[in-house]
Amino acid sequence: MSEPKSPTPTPGDTYKGWLFKWTNYIKGYQRRWFVLSNGLLSYYRTQAEMGHTCRGTINLATANIAVEDSCNFVISNGGAQTYHLKASSEVERQRWITALELAKAKAVQMQAESDDSGDDFPAVSPNSGQGGDCRNTEIQSTLRTLNSKVEDLATCNDLIVKHGSALQRSLSELEGLRVAVDMGEKVKQVTERATLFRITSNAMINACRDFLSMAQSHSKRWQKALQTEREQRIRLEETLEQLAKQHNHLERAFRGATVLPPSFSNPALGNKGGVSGKADASDEDDDNEFFDAMEEPAEFITVPADPKYHRRSGSNISGISSETGTDDQSVNFDELSLASNPESPQPLELEPVRQRRTRIPDKPNYYLNLWSIMKNCIGKELSKIPMPVNFNEPLSMLQRLSEDLEYYELLDKAAKSHSSLEQMCYVAAFTVSSYSTTVHRTGKPFNPLLGETFELDRHRECGYRSLCEQVSHHPPAAAHHAFSEKGWTLRQEITLASKFRGKYLSIMPLGSIQCIFEKSNNHYSWKKVTTTVHNIIVGKLWIDQSGEIDVVNHKTGDRCHLKFAPYSYFSRDVPRKVTGVVTDKDGKAHYVLSGTWDEKMEFSKIMQSSKGENGTEGKQRTVYQTLKAKEIWRKNPLPEGAENMYYFSSLALTLNEPEEGVAPTDSRRRPDQRLMEEGHWDEANAEKQRLEEKQRSTRREREREAVKAASSPEEADAKEPAPASSEISDETDTEDSPPHTPVASPYGPSLFPYIMEGREGPYGAPAKSGHPDTYQALWFEKMDDPVSGETLHIYKGGYWEAKEQGNWDMCPDVF
């Protein structure tokens, strides 16, 4: 740590050094560079910031300085600003306290003198011609006051000399008398003291005279320095005012400028209808809107396109299609059609046939002491430690996957799009919309049992059907298949990995999502971004999504690159921001998307792109000229009272609603989940333990059958796995996992129990067994996708036919 040169700086010195400043409960004390000058205490992150970035300043004239302990002290100015500071040692702290007290005293004195001078001399505007004369008059008045004080001291000195001389004469006369020896000694002492008193008085007067002489000799220099500082301040104010005017002028000129070169414009357009260039400029604010897609360090920025693009018809666009990066087909369709895409009249069979529920029982306010649970688990086998349902929400992971279809209308509109680039915008918006329900959903969904399924049949209401199945145990994975009569199919297989970072947990979904459109045979694929759960140990849990997604059209080569910006306390951007650019196979940009993953997304059509200035990191950014932004997706509002219903959306409230005719393996039939929804948490915990034990027994039986099938009966007994290890490995078929392994939900589970439980494996995945799991999914089959080249579980059919026949004999008994 840098040590100041002077341990006890004088009031006029500038004092600098390192101190530790309290920031927040997450980062604690952080090392900062502090500068004390002119009664102001300022701090910077580093010494290099002193020239351009001050992080904070506090005025000591109104501040209170308090010492907490040997190294800590607090500076506060009444509540508006409070600095909790810590020095490296007690000596260092005392140096700072001394410097701060001296600076505070000087600041208070200067403020009082300023107030007094303000009363004696009326304020004069710095811009007026009398400003300098007023300052000079004030200085002269101060000097006259000092001279008067010194004259008073001189008068006192004369009196002291006069009376001192008389005293000495009297004492001399007294000494001349013949008195006792003791009396003479006392008189001698008094004489010596009187002499010292006179010497001291003369020294004081001499010092005052020196001060007056110095003040008078330097008065012209002070006046000149003060006048120079005042002139510099006036020049600085004038310069700032000019810069502000220039900035405003440039911004207006930039918005009103025609960015395209004249060679790109169509002469017929300028005279069409007698519209002059002045009229175009006046209408620009109505037609264009400044669209700032991303700030530094963004790879691109967007600006309004020339107004003439708004007025062109399809007939006169083909002449510039090659220069502006758009083809005839993509320009001819209206922007409004992409934002609204009016639907054709709905057939009668899509009318709702049943009233779905809009409420579930309110979440009970049960107190849970996690530490008491851990205390009772001391000495127990890890596989026998149950985690209560208090950390869950009454939905399974399969139901959470089905929530991706809440905004299925985006895929319906995409299926009707004639342009692949237009279709890509809808698919990208659908990708972002799947995260909109995760903002407040910190509850952990139930981990599916192996073979558990969930159907979401909205064929008559919304035109689609969806099926999910827990298809694998090593590694644990869930497969999802949905299809719509509007001509699209959605399928995904999700496996999760996670890393515990101490203060937060990062969840990385593995696997891909694919969407196929029948009419165009466009095949899209993408992956999910990283979900971060903050405040794992202490504080309120909150969710953030960050990373990048590439939505790829494998048929046309079109691509949409989406960027989910991570939350930053110091960022000027809106939280949860998402930006993206839609490009064709040649890399030419056609659309810009921007918004937030928890509220809405907008798109803007790109009319021209060019290389702009370099960003903060030296990378050259692309400038896109775009039309006015249109909204393509907006989040549905949460139902009334959602905060008491686990923050479920309207769709989520219906997912666990009992239905007739579903498979016996459906998540709606899971007893512990049903009991939790009804508020019977104690019974739900007991049922949860029963299901865990049943899952362990089922897995042990599969391993025994695998051993028997692979060896003779005599060898089977020797190779049969030990019960203890089997119990440990099978425990986590249904329940929780530690932070260093995949977890059950990509949507922000409450993951503190994972840290405390110490089990192994995703979804509570077991440790590796000596024999492979022979389980085969019932409704899905693992195969290679020829288009994307990925291997995943794909729906092989038969479920909806079995439902129509009411025949579920093939389903396993998982509950």
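Relevant structure appears above.
Residues numbered from 1 in each chain as written. Predicted model: local features only at pLDDT ≥ 70, side-chain atom pairs only at ≥ 80, totals over all residues. Heavy atoms only, no water.

1. Points about the overall build of the protein chain
- The secondary structure content of the protein chain amounts to 21 helices and 27 strands.
- The buried share of the protein chain, taken over its 815 residues, is 46%. (Helix = DSSP H or I, 4+ residues; strand = E, 2+ residues; numbered from the N terminus. Buried < 20%, exposed > 50% of the residue type's maximum accessible area, 1.4 Å probe, protein only.)

2. Observations concerning the packing of aromatic side chains
- According to the stated counting rule, one finds 19 aromatic pairs in the structure shown.
- With a centroid separation of 5.8 Å and an interplanar angle of 65°, the aromatic rings of Phe 780 and Tyr 795 are classed as edge-to-face. Taken as a pair, Phe 780 in strand E26 (residues 780-784) and Tyr 795 in strand E27 (residues 791-795) lie far apart in primary sequence, 15 residues in all.
- A relative accessible area of 2% means that Phe 780 is categorised as buried.
- Pairwise contacts between aromatic rings join Trp 779, Tyr 799, Trp 800 and Trp 808 into one cluster.
- Between Arg 576 and the ring centre of Trp 597, over which it is positioned, the NZ or CZ distance is 5.8 Å. (Phe/Tyr/Trp six-rings, centres within 6.5 Å; stacked < 30°, edge-to-face > 60°. Lys NZ or Arg CZ within 6 Å of the ring centre and 35° of its normal.)

3. Overview of the pairing of strand E16 (residues 513-517)
- The buried count for E16 comes to five of five residues, which makes it a mostly enclosed element.
- Taking every second residue as pointing to the same face, both faces of E16 are buried, with Ile 513, Cys 515 and Phe 517 on one and Gln 514 and Ile 516 on the other.
- Alignment of strand E14 (residues 488-500) against E16, held across five bridges, turns out to be antiparallel. Note on E16: the bridge partner recorded for Thr 489 is Ile 516.
- In this structure, E16 lies alongside strand E17 (residues 523-526), joined through four bridges in antiparallel fashion. The residue of E17 that forms the bridge with Cys 515 is Tyr 524.
- Counting the residues that bridge the hairpin from E16 to E17 gives five residues, and of these Asn 521 lies at a positive phi of roughly 60°. (Pairing = 2+ DSSP bridges.)

4. Overview of the sheet that holds strand E3 (residues 40-44)
- The seven strands are arranged E4-E3-E2-E1-E7-E6-E5 in an open sheet whose pairing can be described as antiparallel. Whereas interior strands pair on both sides, the edge strands pair on one side only; in this sheet they are strand E4 (56-59) and strand E5 (64-67). Within the sheet, the average angular offset between the axes of one strand and its neighbour, ignoring direction, is 35°. (Axes fitted to C-alpha atoms, helices over the stretch in contact; angles between N-to-C directions.)

5. Digging into the pattern of salt bridges
- A full pass over the atoms with the stated rule returns 35 salt bridges.
- Residue Glu 703 pairs with Arg 699 through a salt bridge whose shortest N-O separation is 3.5 Å. Of this pair, Glu 703 and Arg 699 are both found in helix H17 (residues 681-710), four residues apart, which corresponds to roughly one turn of the helix. Each of the two residues, Glu 703 as well as Arg 699, counts as buried.
- Connected via shared salt-bridge partners are Arg 356, Glu 461, Glu 659, Asp 666 and Arg 668. (Salt bridge = Lys/Arg side-chain N within 4 Å of Asp/Glu carboxyl O.)

6. Things to note about the nonpolar core
- In terms of nonpolar packing, the biggest core is built from 72 residues, with Trp 488, Leu 490, Phe 517, Trp 526, Val 551, Leu 562 and Phe 564 touching the most fellow members.
- Per-element accounting of this core gives the leading share, nine residues, to helix H14 (residues 420-433).
- For Phe 564, the residues in contact, after removing those within four places along its chain, are Val 432, Tyr 435, Val 529, Gln 545, Ser 546, Gly 547, Ile 549, Lys 577, Val 578 and Trp 597.
- Among the nonpolar cores identified, the runner-up in size contains 20 residues, and Tyr 15, Leu 19, Ile 58 and Ile 65 belong to it. (Core = buried A, V, L, I, M, F, W, Y, C linked by side-chain atoms within 4.5 Å. Contact = heavy atoms within 4.5 Å.)

7. Quick look at empty space enclosed by the protein
- In the structure shown here, the tally under the stated rule is six cavities of 30 Å³ or more.
- Roughly 80 Å³ of internal volume is contained in the second largest cavity.
- Tallied by class, residues from the lining of the second largest cavity come to five nonpolar, six polar and three charged. (1 Å grid on protein atoms, 1.4 Å probe; cavity = no way out; pocket = protein on both sides within 12 Å on 5 of 7 lines; lining within 4 Å. Points joined across faces, edges and corners; volume = space filled by probe spheres on them. Nonpolar A, V, L, I, M, F, W, Y, C, P; charged D, E, K, R; others polar.)

8. Observations concerning the layout of surface pockets
- One number sums up the size of the second largest pocket: a volume of about 1,100 Å³.
- Asn 24, Ile 26, Lys 27, Tyr 569 and Phe 570 are, among the 32 residues lining the second largest pocket, the residues nearest its centre.
- Residue assignment for the lining of the second largest pocket shows that the elements contributing at least two residues are strand E1 (15-24), strand E2 (28-37), strand E7 (82-86), strand E18 (530-534) and strand E19 (542-553).
- With four residues, the single largest contributor to the lining of the second largest pocket is E1.
- A breakdown of the residues in the lining of the second largest pocket according to their chemical character gives 14 nonpolar, 11 polar and seven charged.

9. Remarks on the state of the cysteines
- Scanning all chains against the criterion turns up zero disulfides.
- Left without a disulfide partner, Cys 425 is nearest to the cysteine sulfur of Cys 560, which lies 7.0 Å away. (Disulfide = S-S within 2.5 Å.)

10. With respect to a nonpolar patch on the surface
- Taken together, the side chains of Trp 542, Tyr 567, Tyr 569 and Phe 570 define a hydrophobic patch exposed on the protein surface, amounting to about 500 Å² of accessible area.
- Among the secondary structure elements, Phe 570 is positioned in the loop between strand E20 (559-564) and strand E21 (577-583).
- Of the residues examined, Phe 570 reaches a relative accessible area of 52% and is grouped as exposed. (Patch = residues over 30% accessible without salt bridge, like charges linked within 9 Å, V, L, I, M, F, W, Y side chains within 5 Å. Areas by Shrake-Rupley, 256 points an atom, 1.4 Å probe, with all protein chains shown as cover.)

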